[in-house]
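Inside the fold
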Amino acid sequence: MITINYKPTPKQAMFHASTANEILYGGAAGGGKTKAIVMDALFRTMKWPKTVAVIFRRTYRELEDTDIKEALESYPEEIATYNAGRHEFRLKNGSKILFRHCENEADRFDYSGLEAQFMYFDELTTFTQVIYDFLKTRLRAKKALGVVPIVRAASNPGNIGHGWVKKQFVDAGPYMEIREQEIWSEALHKSKKIRTQYIPSLATENPFITDDYIFELETKPEALRRALLNGDWDSFEGQVFKTS
């Protein structure tokens with residue numbers, strides 16, 4: 001029997017079980033965001049053979065330091081084999097988990113041929129809405145797969161995407177509640193409901209985080225402390241974030 005050593009926190013479990021089409025998970029630092037993304041991608045590709053999950057982060061260095069590192073530590077070799085040259089895991093059931101970067105808006109066109117069923121963004125606020133909206137057009141599934149494509153994202157407050165992420169997820173309605181929005185297709189002449197959800201998490205809810213990390217966050221300047229310790233999306237109100 002293959003054992004997957006992972007016991008999700010209640011918020012991580014909510015993230016995995018949600019029926020929303022799009023989710024933002026996080027807020028505070030240390031809430032287990034990257035772990036949740038990496039494990040969610042594994043569970044979905046295990047459940048549905050021959051599917052593709054893609055995990056985006058702004059740079060490959062960030063992917064290697066966080067998401068890929070987490071996956072290498074968490075994915076059993078009996079289930080998934082990593083190809084370092086291609087930055088992807090191949091599962092025994094024919095599914096794949098891709099790790100991709102999109103540092104600048106022009107990079108989004110590198111993925112014009114991508115077809116994925118499960119799409120993840122780690123640190124969503126490091127991306128512009130232009131990148132997010134375009135990459136979501138790569139999300140589709142053949143009817144034979146029997147899969148409903150989903151988007152899952154995680155982020156702290158701040159950075160260049162703070163404003164649009166806050167508006168789209170955080171300010172859209174009560175926290176943790178799945179919100180429905182009806183959209184109309186002129187091409188299909190019918191409507192459908194899109195469900196979105198914001199699940200806040202705190203470092204104090206993560207049993208694997210030490211007290212030292214909490215004390216470290218407590219020493220930061222007020223705005224940074226409120227953002228990273230409390231997940232406060234209003235702590236940077238009025239600040240302007242620019243791309244490098």
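Residues numbered from 1 in each chain as written. Predicted model: local features only at pLDDT ≥ 70, side-chain atom pairs only at ≥ 80, totals over all residues. Heavy atoms only, no water.

**What to know about the pairing of strand 7 (residues 150-155)**
Within strand 7, six of the six residues are buried, which leaves the element mostly enclosed by the surrounding structure. Pairing of strand 1 (residues 22-27) with strand 7 involves five bridges; the strand directions are parallel. Across the sheet, Tyr-25 pairs through a bridge with Ala-154, a residue of strand 7. Sheet analysis places strand 6 (residues 118-122) next to strand 7, joined by five bridges and oriented parallel. Residue Asp-122 lies in a different strand from strand 7, and its bridge partner there is Ala-154. This β-α-β element, strand 6 to helix 5 (residues 129-136) to strand 7, shows right-handed connectivity. (Buried < 20%, exposed > 50% of the residue type's maximum accessible area, 1.4 Å probe, protein only. Helix = DSSP H or I, 4+ residues; strand = E, 2+ residues; numbered from the N terminus. Pairing = 2+ DSSP bridges. Right-handed = clockwise from strand over helix to strand, strands pointing away.)

**Some details on the sheet that holds strand 1**
On the basis of which strands lie adjacent, the open sheet formed by nine strands has the order 3-4-5-2-6-7-1-9-8 and mixed pairing. A strand with exactly one partner marks an edge of an open sheet, and here the two such strands are strand 3 (80-83) and strand 8 (179-185). Averaged over all adjacent pairs, the angle separating strand axes in this sheet is 20°, with direction ignored. Sheet topology places strand 2 (residues 52-57) next to strand 5 (residues 96-101); six bridges connect them, and they run parallel. From the neighbouring strand, Arg-57 faces strand 5, where its bridge partner is His-101. Contacts from helix 1 (residues 10-17) reach strand 1, strand 7 and strand 9 (190-201), with the element oriented near 165° to strand 9. (Axes fitted to C-alpha atoms, helices over the stretch in contact; angles between N-to-C directions. Contact = heavy atoms within 4.5 Å.)

**Focus on the packing of aromatic side chains**
Given two aromatic rings, their pairing is described by the distance between the two centres and the angle made by the two planes. One pass over the full model with this rule turns up 14 aromatic pairs. With a centroid separation of 5.3 Å and an interplanar angle of 70°, the aromatic rings of Phe-109 and Phe-134 are classed as edge-to-face. Here Phe-134 lies in helix 5 and Phe-109 lies in the loop between strand 5 and strand 6, a separation of 25 residues in the sequence. Arranged with centres 5.0 Å apart and planes meeting at 40°, the rings of Tyr-132 and Trp-164 form a pair that is tilted. Residue Tyr-132 is found in helix 5, and its partner Trp-164 is found in helix 6 (residues 162-170); the two are separated by 32 residues along the sequence. Taken as a pair, Tyr-132 and Trp-164 share a single burial class, namely buried. Feature note: the residues Phe-56, Tyr-111, Phe-121, Phe-127, Tyr-132 and Trp-164 constitute an aromatic cluster, connected by ring pairs. Taking the ring centre of Phe-134 as reference, the NZ or CZ of Arg-108 above it sits at 5.8 Å. (Phe/Tyr/Trp six-rings, centres within 6.5 Å; stacked < 30°, edge-to-face > 60°. Lys NZ or Arg CZ within 6 Å of the ring centre and 35° of its normal.)

**Observations regarding the confidence of the model for the protein chain**
A residue-level look at the protein chain finds 96% of positions with pLDDT of 70 or above and a mean pLDDT of 92. Across residues 240-244, where pLDDT falls below 50, the model places eight contacts with residues more than four positions away in sequence or in other chains. (pLDDT = per-residue confidence, 0-100.)

**Considering the pairing of strand 3**
Looking at chain direction, strand 3 and strand 4 (residues 88-91) are connected through four bridges and run antiparallel. Bridge pairing in strand 4 places Ala-80 opposite Leu-91. The antiparallel hairpin formed by strand 3 and strand 4 contains four residues in its connecting segment, where His-87 sits at a positive phi of about 55°.

**Comments concerning helix 8 (residues 222-230)**
Those residues of helix 8 that sit buried are Ala-227, Leu-228 and Leu-229. Each element contacted by the buried residues of helix 8 is listed here: strand 1 and helix 7 (211-218). Gly-231 sits one or two positions beyond helix 8 and adopts a positive phi of about 65°.

**Things to note about the packing of helix 2 (residues 33-47) against helix 4 (residues 67-74)**
At their nearest, the axes of helix 2 and helix 4 sit 9 Å apart, and the two run at 60° to each other. Judged by the inter-axis angle, helix 2 sits oblique to helix 4. For helix 2 against helix 4, the interelement crossing comes out right-handed. Across the interface between the two elements, Thr-34, Lys-35, Ile-37, Val-38 and Met-39 of helix 2 pack against Asp-67, Glu-70, Ala-71 and Ser-74 of helix 4. Of the residues that constitute the contact of helix 2 with helix 4, the class distribution is four nonpolar, two polar and three charged. (Parallel < 35°, antiparallel > 145°, perpendicular 65-115°, else oblique. Left-handed = near helix turned anticlockwise from the far one by under 90°. Nonpolar A, V, L, I, M, F, W, Y, C, P; charged D, E, K, R; others polar.)

**A word on the nonpolar core**
Among the nonpolar cores identified, the biggest contains 29 residues, and Ile-55, Tyr-75, Ile-97, Phe-99 and Tyr-120 are the most heavily contacted of them. Mapped onto this core, the elements with two or more residues apiece are strand 1, helix 2, strand 2, helix 4, strand 4, strand 5, strand 6 and strand 7. Sorting elements by how many residues they give to this core places helix 2 first, with six residues. Residues in contact with Phe-99, not counting those within four places in the same chain, are Ile-55, Tyr-60, Leu-63, Asp-67, Ile-68, Ala-71, His-87, Glu-88 and Phe-89. Within the second largest apolar cluster, 26 residues are counted, among which are Phe-121, Phe-127, Tyr-132 and Ala-153. (Core = buried A, V, L, I, M, F, W, Y, C linked by side-chain atoms within 4.5 Å.)

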